[in-house]
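Survey of secondary and tertiary structure
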Amino acid sequence: MADGYTVAVVGAGMVGDRLVAELRRREFPLKELRVLARSARRSVLAGEEFEVGVAGPEAFEGVDIAFFAGTEGEKGAAVQLAREAIARGATVIDNGSDFRLDPEVPLVVPEVNADALKGHGGLVANPNCSTSQMVVTLAPLAREFGLRKVVVSTYQAVSGSGRGGVDALENGREDVYPKPILGNAIPLIGGVGEDGYTSEETKMREESRKILGLPDLEVYATAVRIPVHTGHSESIYIETEREATLPEVLDALRDAPGVVFSGEADDFPTPLEAAGDPGTFVGRVRVEGDRVQYWCVSDNLLKGAATNAVQIAESLVGARV
Ligand SMILES: NC(=O)c1ccc[n+]([C@@H]2O[C@H](COP(=O)([O-])OP(=O)(O)OC[C@H]3O[C@@H](n4cnc5c(N)ncnc54)[C@H](OP(=O)(O)O)[C@@H]3O)[C@@H](O)[C@H]2O)c1
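Rules behind the numbers
Residues numbered from 1 in each chain as written. Predicted model: local features only at pLDDT ≥ 70, side-chain atom pairs only at ≥ 80, totals over all residues. Axes fitted to C-alpha atoms, helices over the stretch in contact; angles between N-to-C directions. Helix = DSSP H or I, 4+ residues; strand = E, 2+ residues; numbered from the N terminus. Parallel < 35°, antiparallel > 145°, perpendicular 65-115°, else oblique. Left-handed = near helix turned anticlockwise from the far one by under 90°. Contact = placed C-beta atoms within 7 Å. Near = placed C-beta within 6 Å. Nonpolar A, V, L, I, M, F, W, Y, C, P; charged D, E, K, R; others polar. Domains from an automatic or database assignment. Core = buried A, V, L, I, M, F, W, Y, C linked by C-beta atoms within 7 Å. Buried ≥ 20, exposed ≤ 12 C-beta atoms within 10 Å, placed from the backbone. Pairing = 2+ DSSP bridges.

What follows is about the packing of helix H1 (residues 14-25) against helix H9 (residues 302-317). Following both chains from N to C, one finds H1 and H9 inclined at 45°, their axes separated by 9 Å at the closest point. With respect to each other, H1 and H9 are oriented oblique. Of the two elements, H1 crosses H9, and the hand of that crossing is right-handed. For the pair H1 and H9, the contacting residues are Val15, Arg18, Leu19, Ala21, Glu22 and Leu23 in the first and Leu302, Ala305, Ala306, Thr307, Ala309 and Val310 in the second.

Here it is in structure tokens:
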């Protein structure tokens, strides 16, 4: 489209802010950029002042692409408004979990499964933050060596819980986490299901299977919240179908799109270094035959949300990925 696209960002929270930043940084072809939330006001997002509009059906008139980052569930923007936006001609890219496992809705990490966008019905889902960075690193290993089993423990930043999480860390807000987060580690993210896994852990299993196209992949996750502002870390152990050597695994990771390889065993990425960078960082790689272990860090608001969403939009409009 020669004169660019009319884009709406729904939600002016942590992810909404980063969406504006990524649209600008990646020079997405914009004709108009609207920011919508529950209430109208003047707000600064990514250093830019916006006249925030109320998210209602009519706000989507003329919108080509709508990025939803307005929370989940019955009261969230996606459940209330995604279909209204689509009915008005917009393609919706949703950051929440409401539609991710719907078989009719592609769940996409462009480096891994951009093909899934073909024939989308106006709605594309962005994966959970801890899943996105993990599948960026699993996909090249699955391609080279085959993948049987994944065991992952996460160390997740408070900005993954939105503005409330940051408020809990910085100001001691008490209604966000089940126990104090400052000086602590909380191994409970989301509600606990009948099988004992939390919703975050179940998302990591089900979303990884869908994105990687491996419906029977064994995935065992333990998701932990830690007092870090931004940047999720993961300790990942996998079992492969074929045996691999350390140089082969390092080559596969070095060549993988989206992966920033942090060097040999004594080098390692940290969330502080990954925050603000769209890459997925890998270090501390260890290989013993068909067992591979590594450390993986990424900015949960970027590759875990905004960067991946803008990459999806770029894939849809045929711009760069
Ligand atoms: N934070 C992350 O790392 C991350 C990563 C991946 C995905 N996500 C998902 O992205 C979404 C946004 O997360 P966040 O971290 O940005 O949350 P946040 O900081 O709490 O911000 C939420 C925003 O959503 C808006 N909102 C809530 N309900 C709405 C509705 N019905 N209609 C319109 N706007 C509504 C709020 O509007 P007001 O400002 O008017 O109250 C607020 O601006 C969530 O679904 C989250 O699960 C987050």
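This part is about the site of the ligand. As a matter of local geometry, the ligand sits amid 31 residues, with Gly13, Ala37, Gly70, Gly96 and Gly162 nearest to it. Looking at the shell around the ligand, the elements with two or more residues in it are H1, helix H2 (77-87), helix H5 (162-171) and H9. Looking at the shell around the ligand residue by residue, the classes come out as 11 nonpolar, 16 polar and four charged. No fewer than three residues from each of domain 1 (5-126 + 304-317) and domain 2 (130-300) sit in the shell around the ligand.

In this fold, Leu253 is placed in helix H7 (residues 246-254). Along the sequence, Leu253 and Val282 sit 29 residues apart, while their C-alpha atoms lie 8.0 Å from each other. With residues up to four places along the chain from it excluded, the contact list for Leu253 reads Thr137, Pro140, Val259, Phe261, Val282 and Val285.

Okay, the domain arrangement of the protein next. Domain annotation for the protein reports domain 1 (5-126 + 304-317) and domain 2 (130-300). Between the C-alpha centres of domain 1 and domain 2 the distance comes to 24 Å. When residues of the side of domain 1 that touches domain 2 are assigned to their parent elements, the largest contribution, four residues, is made by H9. Of the residues in the side of domain 1 that touches domain 2, the class split is six nonpolar, six polar and two charged.

Within the largest apolar cluster, 87 residues are counted, with the highest numbers of intra-cluster contacts made by Val10, Ala66 and Phe67. The leading source of residues in this core is helix H4 (residues 129-145), at nine residues. Of the residues that make up this core, three or more belong to each of domain 1 (5-126 + 304-317) and domain 2 (130-300). Counting seven residues, the second largest nonpolar core, distinct from the first, contains Ala168, Leu169, Ile181 and Val228.

Below, the discussion takes up the sheet that holds strand S2 (residues 30-37). Pairing is mixed in the open sheet, where seven strands are placed in the order S3-S4-S2-S1-S5-S6-S7. A strand with exactly one partner marks an edge of an open sheet, and here the two such strands are strand S3 (41-45) and strand S7 (123-125). Here the average twist between neighbouring strands, direction ignored, is 30°. Summarising the sheet, S3 and strand S4 (residues 48-54) pair through five bridges and their orientation is antiparallel. Pairing of Val44 across the sheet is with Glu49, part of S4. Packing against the sheet, H1 makes contact with strand S1 (5-10), S2, S3, S4 and strand S5 (65-68), and its axis sits at approximately 155° to S1.

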